[in-house]
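Here are the chains, one letter per residue:
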Amino acid sequence: MKFLILEVQIKKQQNINSHDKFFKKSMSNPKVAREFFEFHLPKDVAKKVNLSSLKLEKGSFLDNTLGEGIVDMLFSVDYDESRGYFYTLVEHQSKADYWMAFRMSKYILRICDNHLKKYPKSKHLPLVYPMVFYPGKKEYKSPVDLWCLYKDPELAKSFFTVYFPEIWLFFL
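Note that the structure is a prediction, hence the values are computed from the model and not measured. (Residues numbered from 1 in each chain as written. Predicted model: local features only at pLDDT ≥ 70, side-chain atom pairs only at ≥ 80, totals over all residues. Heavy atoms only, no water.)

Undergrad: I keep staring at the overall build of the chain and nothing clicks. Help me out?
TA: Helix and strand counts for the chain stand at 5 helices and 4 strands. Of all 172 residues assigned to the chain, the portion counted as buried reaches 32%. Excluding contacts between residues fewer than 6 apart, the proportion of contacts in the chain whose partners are at least 24 apart in sequence is 58%. With an accessible surface of roughly 13000 Å², the chain has 60% of that area assigned to carbon and sulfur atoms. (Helix = DSSP H or I, 4+ residues; strand = E, 2+ residues; numbered from the N terminus. Buried < 20%, exposed > 50% of the residue type's maximum accessible area, 1.4 Å probe, protein only. Contact = heavy atoms within 4.5 Å. Areas by Shrake-Rupley, 256 points an atom, 1.4 Å probe, with all protein chains shown as cover.)

Undergrad: Sorry if this is basic, but what is going on with the packing of aromatic side chains here?
TA: Geometry of an aromatic ring pair is reported as the spacing of the ring centres plus the angle between the planes. Within this structure, the stated rule accounts for 11 aromatic pairs. Members of the aromatic cluster, each reached through a chain of ring pairs, are Phe23, Phe36, Phe37, Phe75, Tyr79, Phe86 and Tyr129. (Phe/Tyr/Trp six-rings, centres within 6.5 Å; stacked < 30°, edge-to-face > 60°.)

Undergrad: Where do I start with the pattern of salt bridges in this structure?
TA: Proximity of charged atoms lets side chains of opposite charge pair with each other. Summed over the entire model, instances satisfying the criterion amount to 6 salt bridges. Between Asp97 and Arg103 there is a salt bridge; the shortest N-O distance is 2.4 Å. Residue classification places Asp97 among the buried positions, given a relative accessible area of 14%. Note that Glu154 is salt-bridged to Lys157, the shortest N-O span being 4.0 Å. On the criterion of helical spacing, the pair formed by Glu154 and Lys157 is a turn pair, its members being 3 residues apart in helix 5 (residues 153–163). Owing to a relative accessible area of 54%, Glu154 belongs among the exposed residues under this scheme. (Salt bridge = Lys/Arg side-chain N within 4 Å of Asp/Glu carboxyl O.)

As structure tokens, this is what we get:
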């Protein structure tokens, strides 16, 4: 029995690795990547980007503990007059990840941090459009919105949009 389970796990891991390689190799081709984004981007986002400026960037923004079966790719692209990014994440999971919206938020902040290190004179954070591809067989029912992960979503949202920007400094 152990050998059969091990054989199935090895076979599954080899299959995952081949999907990872296929996705990375395909998306590394500029024409394929451009067609991919033309097809998958919402119209309002597609209108604001210049896909002829699409460029695959180096690096990964994943947590070190996640292991294999996950592919992330970052593409830079011109949004109107500024530089932004498309971030794609493919995870080979059999079920939805409840904390995916939180994880994506962390990756987006890492991308912004990386951008500011690369462009220290920048006065704005880059726009980052995240895309997650879920190959599970069951419908994805986990939260796709960061705010839904808070007990009081509206209050949490206000902390980031109303209270957070105004920081009062008092000098003694």
